Amino acid sequence: MESVWHDGDAVGYLDQRALPQRVVRERAGTVEEVVDAIRTLAVRGAPAIGIFGAYGVALAAQLHSGAAFDAATASIREARPTAVNLAYAVDRVLARADHDYLAEAKAIHAEQRDVDARIGRFGAEVLPRKGNVMTHCNAGPIATGGEGTALAAIIAAHRAGKSLHVYVDETRPLLQGARLTMFELREAGVPCTLITDSAAAVTMQRKKVDAVVVGADRIARNGDTANKIGTYGVAIMAAHHGIPFYVAAPRTTFDFAIASGMDIPIEERSPDEIRITPDDPAYNPAFDVTPGRLITGIITEYGVLQAPYEDAIADLETRARIVLSV
Ligand code: MRU
């Protein structure tokens with residue numbers, strides 16, 4: 001199921017807010033609609049918002065010029081702050097020398113498909129031959145425009161004959177796990193069980209979880225990793241129970257400009273997403289940062305990075321951006 005696509009004089013997208021009950025396809029015909037779709041999580045997941053933003057720049061070029069074009073592309077780039085893929089994709093499209101922005105957006109989209117397939121292959125190798133895997137949030141096909149990252153690893157392992165069952169954290173407050181990951185795993189035929197976020201610890205304690213694998217929104221040079229709120233807690237629980245904790249992410253999710261997770265901007269969303277009573281004060285960070293030392297390995301399209309991450313990520317930075325094929 002495609003999550004974003006070029007649609008003539010608009011950018012098409014699957015409205016992820018309607019899943020799993022309804023499959024709703026929409027068109028963003030203005031830059032404001034592109035920005036709104038990203039902000040409201042109609043389009044979400046780090047690589048998917050990058051690709052969508054890239055198509056958004058091509059749309060902006062059809063509609064605006066001069067200062068208005070600059071303002072439009074800046075608004076897309078800043079629609080959400082944590083996932084670095086969005087800024088990466090917008091900057092890359094704008095840097096295209098011949099200004100064929102649509103061609104560059106399509107190239108980013110095509111590369112993501114190849115990258116995801118490779119992440120799936122490397123990830124499948126590190127997962128156990130049989131057992132229970134836990135995941136948090138949604139890092140599947142609709143979050144990337146390809147096969148996903150964390151879910152690519154799980155689905156590739158399943159297709160390769162590994163006998164895996166997945167515990168899916170519901171992922172409050174917007175329920176990406178309950179709505180999207182459950183939907184995608186069931187579509188792929190992978191046995192899975194939904195749990196509340198609060199049940200993660202007891203599940204690890206009593207159900208023999210063999211590995212955790214999650215996606216990422218931004219990874220610093222030392223391996224500190226921003227992902228959906230709650231991921232940090234899951235990593236602490238995994239360390240406590242001696243369970244390997246993997247992050248799966250493409251090179252485009254690494255921010256080589258920042259030394260540690262302290263420099264990653266954390267999006268704070270409306271208190272209305274979590275409060276029951278309208279006037280209750282509420283703090284609603286959408287992401288947290290898992291320290292690199294809690295991460296067993298980072299599954300990329302180039303292989304699985306291991307500590308010391310400073311060295312492994314410095315090496316990753318030197319890899320040319322090339323079109324990969326599995
Ligand atoms: O707020 P969201 O739903 O966009 O957050 C998404 C995540 O945290 C994902 O785990 C991450 O973007 C990886 S998607 C392959």
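A quick note: this is a predicted structure, and the numbers were derived from the prediction, not measured. Chains are numbered independently. Their residues run from 1 in the order of the written sequence. Totals for whole chains, interfaces and linings use all residues, but because this is a predicted model, local features are given only for residues with pLDDT of at least 70 and pairs of side-chain atoms are given and counted only at 80 or more. Hydrogen atoms and water are omitted, and side-chain values are computed over all heavy atoms in the structure.

## Digging into the environment of A238
- Comment: elements are numbered from the N terminus, with helices defined as DSSP H or I runs of at least four residues and strands as E runs of at least two. Tracing the backbone through its elements, the reader meets A238 in helix α10 (residues 231-240).
- For A238, a relative accessible area of 0% gives the class buried.
- Each C-alpha atom, one on A238 and one on L294, is 8.5 Å from the other, the two residues being 56 residues apart in sequence.
- What makes two residues a contact is simply this: any of their non-hydrogen atoms within 4.5 Å. Dropping the residues within four chain positions of it, A238 is found in contact with M204, V212, I243 and F245. The classification of residues rests on relative accessible area computed with a 1.4 Å probe and restricted to protein chains. Under 20% of the type maximum is buried, over 50% is exposed, and intermediate values are partly exposed.

## Description of the site of the ligand
- Think of it this way: one heavy atom of a residue within 4 Å of a molecule or strand is enough to make that residue near it. Taken together, 18 residues are adjacent to the ligand, and R44, R80, Q176, N227 and K228 come closest.
- Polar contact is defined as a pair of N or O atoms within 3.5 Å, subject to the rule that within protein one atom must be able to donate a hydrogen and the other to accept it, and that residues adjacent in sequence are counted only when both atoms are side-chain atoms. Between the ligand and G45 there is a distance of 3.2 Å, counted from an oxygen atom to a backbone nitrogen or oxygen.
- D217 is positioned such that a nitrogen or oxygen atom in its side chain is 2.8 Å from an oxygen atom of the ligand.
- Accessible surface area values rest on a Shrake-Rupley calculation with a 1.4 Å probe, where residue burial reflects the displayed protein chains alone. When the ligand is considered free in solution it has 420 Å² of accessible area, and contact with the protein chains removes 99% of it.
- Every element with two or more residues in the shell around the ligand is listed here: α2 (46-63), α6 (141-144) and β9 (225-228).
- Residue type decides the class: Asp, Glu, Lys and Arg count as charged, Ala, Val, Leu, Ile, Met, Phe, Trp, Tyr, Cys and Pro as nonpolar, and the leftover types, Gly among them, as polar. Residue composition of the shell around the ligand, by class: eight nonpolar, six polar and four charged.
- Here the shell around the ligand spans two domains, since at least three of its residues come from each of domain 1 (4-113) and domain 2 (119-318). Residue ranges assigned to the domains are those given by an automatic or database domain assignment.

## Considerations on the packing of helix α3 (residues 66-77) against helix α4 (residues 84-94)
- Note on definitions: angles span 0 to 180 degrees between N-to-C directions of axes, and those axes are lines fitted to C-alpha atoms, for helices only across the stretch in contact. Close contact between α3 and α4 brings their axes to 9 Å; oriented N to C, the two are set at 150°. Viewed along their axes, α3 and α4 adopt a mutual orientation that is roughly antiparallel. On α4, the residues that touch F69, T73, I76 and R77 of α3 are L86, A87, V90, D91 and L94.
- Among the residues forming the contact of α3 with α4, the class breakdown is six nonpolar, one polar and two charged. Comment on the angle field: the value is read as roughly parallel under 35 degrees, roughly antiparallel over 145, roughly perpendicular from 65 to 115, and oblique elsewhere.

## Quick look at the packing of aromatic side chains
- Whether two aromatic rings pair depends on their centres lying within 6.5 Å, for rings of Phe, Tyr and Trp, where Trp uses its six-membered ring; planes under 30 degrees apart make the pair stacked, over 60 edge-to-face, and the rest tilted. The tally for this structure, following the rule as stated, stands at three aromatic pairs.
- Considering the side-chain rings of Y13 and F52, the 5.5 Å spacing of their centres and the 75° angle between planes classify their relative orientation as edge-to-face. Taken together, the residues Y13 in strand β2 (residues 10-14) and F52 in helix α2 connect sequence positions 39 residues apart. Accessibility assignment for this pair places Y13 and F52 in one class, buried.
- Between the aromatic rings of F69 and Y101, the centroid separation amounts to 5.8 Å while the plane-to-plane angle is 15°, which identifies the pairing as stacked. One end of the pair, F69, is in helix α3; the other, Y101, is in helix α5 (residues 101-126), with 32 residues separating them in the sequence. For the residue pair F69 and Y101, the accessibility class agrees, reading buried in each case.
- The ring of F122 is capped by R121, whose NZ or CZ atom sits 5.4 Å from the centre of that ring. Either the NZ atom of lysine or the CZ atom of arginine qualifies as a charge over a ring when it sits within 6 Å of the ring centre and within 35 degrees of the ring normal.

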